[in-house]
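# Understanding the architecture of this molecule
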Amino acid sequence: MKTLSPAELAKLEHAFAADPSSDAYKPLAEAYLGMGRFMEAMVVCKKGVKAHPNSPDPRLLLGRVYLQQGKDKKALEEALGALQVQPTDKAALRMVGMLQLKTGELEPGKANLLKAWEADPNDAETLTLMQQYKVEQPKPAAPPPAPAPAPVAAPVAAPVAAPVAAPVAQAPVAQAPVAHPPGVAPPVLTPAANPSSAPVPRRSTPGTPAMRPIPSGTQPGVAGQPRVSSPRRPVIVEEVEDDDDDEVSAKRRTKQNGTSKYITLGLAVALVLSTAGYAWYTSYTKKLNREFKKHLDVATEQLKHDSFDSYKKAVDAADKALEVFPDSTAAHGYLAYAWAIRWGEHGGGDDARRKADEHLKEAKKGGEISSHLYAAEALFKTYGGQGKEALSELEERVKSFDAQGKASSLLYLTLGLAQMNAGDLERSRDSLDKAQGLSPDDPRIYASLGAVYRRLGQDNTAWQKYDFALRYEKDHPESLLGKSLLMIDQDTPSLELYEVAAKMIKKLLEADPPPSPRQLAAAQLARSLLISRVSVAMGTLKPDVQTKLAEVTGVPVDKEKARAQMLKAEQDGFALDKTNPELLLIKGRRLLLEGQVDGAVSAIREAIKMDNTRAQLYVELAKALMAKQGGEKEAAEALTTALKAMGDSPKLVVMLGNAYRRQGKLDDALAQYQRAVKDPKAKNPEARLAMGTIFRERQDWDKAKEQLDKAVQEFIGQPDRAALALTELGRVHVGKGDIAKAEESFQKAIEADGGYGPAYYFYATMLSKDRKQGDKVRMLAQEYLKLEPKGEHAPELQRLASGG
């Protein structure tokens, strides 16, 4: 495709957003594909598949997206799906054939390419692939051979008249056997007309000799007369089954024939009944399978919505599936997963915990593979205080699935949540990124990424992830809550941010169906925090702006009324959920922003008493303690205690290093930072940035450069942090006297994040020593002053901007 301009791309995006069920998905997906924006292309294609289930085109386009990423197996799955929709589609046949040949399925691949060729023998793409994979076109069929002449029948001899019977019955003369054509039964011999003649020969029954010769020189006589010698040859006859007279034999034969008929009839009836029974059983089994699949499909769809109401619906659907097949591992796994989330994330209490445990045990009995079972087990242990064990087991599961080529977005998502809980934020982010790549339209994954980036301090990226979640699931509760708290937590939120946050919180509180009691409680605490911040901001605003802000947020201008509303919201939140440490954490943040450090520390300590397995709580406690005058020592003690209990949580280790650094204990700080990166495979750019800065301050240029180079590499995808590391690297080059490399580093810092003020300051001060760079120095100084007019370096840069 030709490269599209931003306006052309925006037009396609608008057309698709206006009507996602139209064919607009196709040009937009192709545009994204041509630009290498695979994630967006996948999302649009999947929407196309959902909107056009009976068309092969969106699946083939999705297959192309996977193919360009080197994911041949997933591409083949989509192409096969297209082929199921339209078995004669030449494009589907061509792609399936090509991918089968590429992945080693030679015979099916050749067959499908030939089918594509037969559908259109002149198709250039098909002919090119056949030439590439050396698939020969079928040769024309040879003409049929001429029919052979019919054989001439041999003349048939005329029948010879039978001799007239003599007074004494002669034994029948043995005749040569007559050959019969294959498949044609020999003629049946009829009994002699004379009832006193010898018994009619019949085939012997099993267990009796087949033939018995009559002694030479004798012949059977008429009944009651002695045998007469005869010079004739011996005649071979079949032995008679019994010695009964003809009348008795006839009766027995009649009885046997009747019995045989009954047996035959019975077998026929049994066969009919068996066939009918098998057909009924097959039909019934198919009906059960369809019903089971229908209920599990509903459960799957509801789980994707990731809301309190959808988890209840998922449980109902999985329960119905369990009624069809009570021992199903899959159904028990779904139920265990849904109940584990309802317990650990929505405050379902002991009943939810018990049900999650019961279904986990039942699912394990089946011994089958189930990603929902493994995810449920990990969540159950994580929320039950066994985070280390859960993390270790889940990591092995994920490796096993990957080794089999069965990477699971659900397991990567759960692994990311467990790592986040343990404070391993870099690995958590990596796991969640993999989950997003495998399932690019899952709001739960995006909301989790928003949470991890928020904890990493990457507010812009966190904002973006929450927006993605809300794009794929309108009014996604966790994303509404996370994004509103992110806006309120800014150092100096704008009036627009206050307004948007207020609307989001109101939407949560008034939602129908409502969020879980735990989510409603958190929304009440978020409302309390919002009122506190808006009330403080009111004192700095003009009366007309105060009135407008009060209208859009619902926060009274009067401070006493505002405080009453704040306390009520907080009380309502704790009344809904008394055992949620997150509420105490939000309260602690509010008190800290109000300058009540001791109250904040107390609230966070209460949160840790409720759940001492969450690394984030200790991080927040350390931040609160370090906000106190001389609180660094107490923060270090709290972090040391936490590390003894939880093990080497990377985030806690870095925080401990920061606490030592604040105390001036640089060697102790370096030891902690080095502890955080002791695993060669581990990513911890924050630790490397801190080490690089300490080495720079000590003028140990080589060590500083080594750590900062690694930090820059590990900060990929985090532009503001990369800008900070590049700025530090520029300062190292300045210290070494390498102005060219320093300039390169400062320029890269500004390219990474044009809003990072210190990069302009250090770049400008370096160039100010060269009189030839006056114009550039003034430009850099002016850019800094636009960004931070009251910043730390503003006075000096005002002088440089004026040419001083």
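Residues numbered from 1 in each chain as written. Predicted model: local features only at pLDDT ≥ 70, side-chain atom pairs only at ≥ 80, totals over all residues. Heavy atoms only, no water.

In this section: the overall build of the chain. Regarding its fold elements, the chain presents 36 helices and 4 strands. Out of the 804 residues in the chain, the part that is buried amounts to 42%. In the chain, once contacts between residues fewer than 6 apart in sequence are set aside, the share between residues at least 24 apart is 54%. Total accessible area computed for the chain in this model is approximately 44300 Å², and 55% of it derives from carbon and sulfur atoms. (Helix = DSSP H or I, 4+ residues; strand = E, 2+ residues; numbered from the N terminus. Buried < 20%, exposed > 50% of the residue type's maximum accessible area, 1.4 Å probe, protein only. Contact = heavy atoms within 4.5 Å. Areas by Shrake-Rupley, 256 points an atom, 1.4 Å probe, with all protein chains shown as cover.)

Viewed as axis vectors pointing N to C, helix H19 (residues 477-488) and helix H21 (residues 517-538) meet at an angle of 20°, and their least axial separation amounts to 10 Å. With respect to their mutual orientation, H19 and H21 come out roughly parallel. You can see that H19 and H21 cross each other, and the crossing is left-handed. Every residue of H21 that contacts H19 at Pro477, Glu478, Leu481, Leu485 and Ile488 is listed here: Gln519, Ala522, Ala523, Ala526, Leu529, Leu530 and Arg533. Per-class residue counts for the contact of H19 with H21 are 9 nonpolar, 1 polar and 2 charged. (Axes fitted to C-alpha atoms, helices over the stretch in contact; angles between N-to-C directions. Parallel < 35°, antiparallel > 145°, perpendicular 65-115°, else oblique. Left-handed = near helix turned anticlockwise from the far one by under 90°. Nonpolar A, V, L, I, M, F, W, Y, C, P; charged D, E, K, R; others polar.)

For the chain, per-residue confidence averages 83 on the pLDDT scale, and residues scoring 70 or more make up 82% of the total. For residues 150-252, every residue scores under 50 in pLDDT, and the model assigns this stretch 56 contacts once sequence neighbours within four places are set aside. (pLDDT = per-residue confidence, 0-100.)

Turning our eyes to something else, we now look at the nonpolar core. Within the largest apolar cluster, 74 residues are counted, with the highest numbers of intra-cluster contacts made by Leu621, Leu652, Tyr673, Tyr763, Leu780, Tyr784 and Leu797. Residue contributions to this core peak at 9 residues, all from helix H26 (residues 615-626). Among all residues touching Tyr763, those that are not within four sequence positions of it are Glu743, Phe746, Gln747, Ile750, Lys776 and Leu780. (Core = buried A, V, L, I, M, F, W, Y, C linked by side-chain atoms within 4.5 Å.)

Before going further, it helps to examine unusual backbone geometry. A cis amide bond links Asp512 with the next residue in sequence, Pro513, at an omega value of 5°. Its place among the elements puts Pro513 in the loop between helix H20 (495-509) and H21. Here Lys134, not a glycine, exhibits a phi torsion of approximately 55°, which is positive. Inspection of the secondary structure puts Lys134 in the loop between helix H8 (124-132) and strand S1 (211-213). The class for Lys134 is exposed, based on a relative accessible area of 72%. With a phi close to 55°, Asp306 is a non-glycine residue in the positive phi region. Its place among the elements puts Asp306 in the loop between helix H9 (246-305) and helix H10 (308-324).

Moving on, we come to the pattern of salt bridges. For the coordinates displayed, the defined rule picks out 56 salt bridges. Lys102 is paired through a salt bridge with Asp72; the nearest N and O atoms lie 3.4 Å apart. Highlighted residues: Lys102 in helix H6 (residues 90-102) and Asp72 in helix H5 (residues 72-85), separated in sequence by 30 residues. According to the relative accessible area criterion, Lys102 is partly exposed, its value standing at 44%. For Asp72, a relative accessible area of 18% puts it in the buried group. Within this structure, Lys90, Arg94, Asp120, Asp123 and Glu125 form a network of salt bridges that share partners. (Salt bridge = Lys/Arg side-chain N within 4 Å of Asp/Glu carboxyl O.)

As enumerated under the stated definition, the model contains 7 aromatic pairs in all. Relative to Phe401, the ring of Tyr374 lies with its centre 6.1 Å away and its plane at 90°, an arrangement referred to as edge-to-face. Residue Tyr374 is found in helix H13 (residues 371-383), and its partner Phe401 is found in helix H14 (residues 387-403); the two are separated by 27 residues along the sequence. Where Tyr761 meets Phe762, the ring centres are 4.9 Å apart and the plane angle is 70°; that geometry is what we call edge-to-face. (Phe/Tyr/Trp six-rings, centres within 6.5 Å; stacked < 30°, edge-to-face > 60°.)

The topology assignment puts Asn421 in helix H15 (residues 409-422). Given the relative accessible area of 16%, Asn421 is considered buried.

There is a patch of like negative charges on the surface, built from Glu291, Asp316, Asp319 and Glu323. Within the secondary structure, Asp319 sits in helix H10. (Patch = residues over 30% accessible without salt bridge, like charges linked within 9 Å, V, L, I, M, F, W, Y side chains within 5 Å. Lys, Arg positive; Asp, Glu negative; His and termini not counted. Charge placed at Lys NZ, Arg CZ, Asp CG, Glu CD.)

Tracing the backbone through its elements, the reader meets Glu473 in the loop between helix H18 (459-472) and H19. Relative accessible area serves as the criterion here: at 18%, Glu473 is assigned to the buried category. C-alpha separation for the pair Glu473 and Asp442, spaced 31 residues apart in sequence, amounts to 8.3 Å. Every residue in contact with Glu473, bar those within four places of it in the chain, is listed here: His305 and Pro443.

Its location among the elements puts Met130 in helix H8. With residues near it in sequence (within four places) discarded, Met130 still touches Leu113, Leu114, Trp117, Val135, Glu136 and Gln137.

The subject of this paragraph is the packing of H26 against helix H27 (residues 632-646). Where H26 contacts H27, the two axes come as close as 8 Å, and the packing angle between them is 170°. Taken together, the axes of H26 and H27 lie roughly antiparallel to each other. The way H26 lies across H27 gives a crossing that is left-handed. Counting all contacts with H26, which are made through Ala615, Tyr618, Leu621, Ala622, Leu625 and Met626, the residues of H27 involved are Glu632, Glu634, Ala635, Ala638, Leu639, Ala642 and Met646.

Along its 14 residues, H18 runs 20 Å from first to last C-alpha, staying within 8% of the 20 Å computed at 1.5 Å per residue. Those residues of H18 that fall on the buried side of the exposure criterion are Thr461, Ala462, Lys465, Tyr466, Phe468, Ala469, Leu470 and Tyr472. Contacts from the buried residues of H18 go to helix H3 (38-51), helix H16 (425-438), helix H17 (443-455), H19 and H20. (Expected span 1.5 Å × (residues − 1).)

This part takes up the environment of Pro514. As for its position among the elements, Pro514 is in the loop between H20 and H21. Residue Pro514 is classed as partly exposed on the basis of its relative accessible area of 43%. Ignoring sequence-local partners within four residues, the contact set of Pro514 consists of Phe308 and Leu520.

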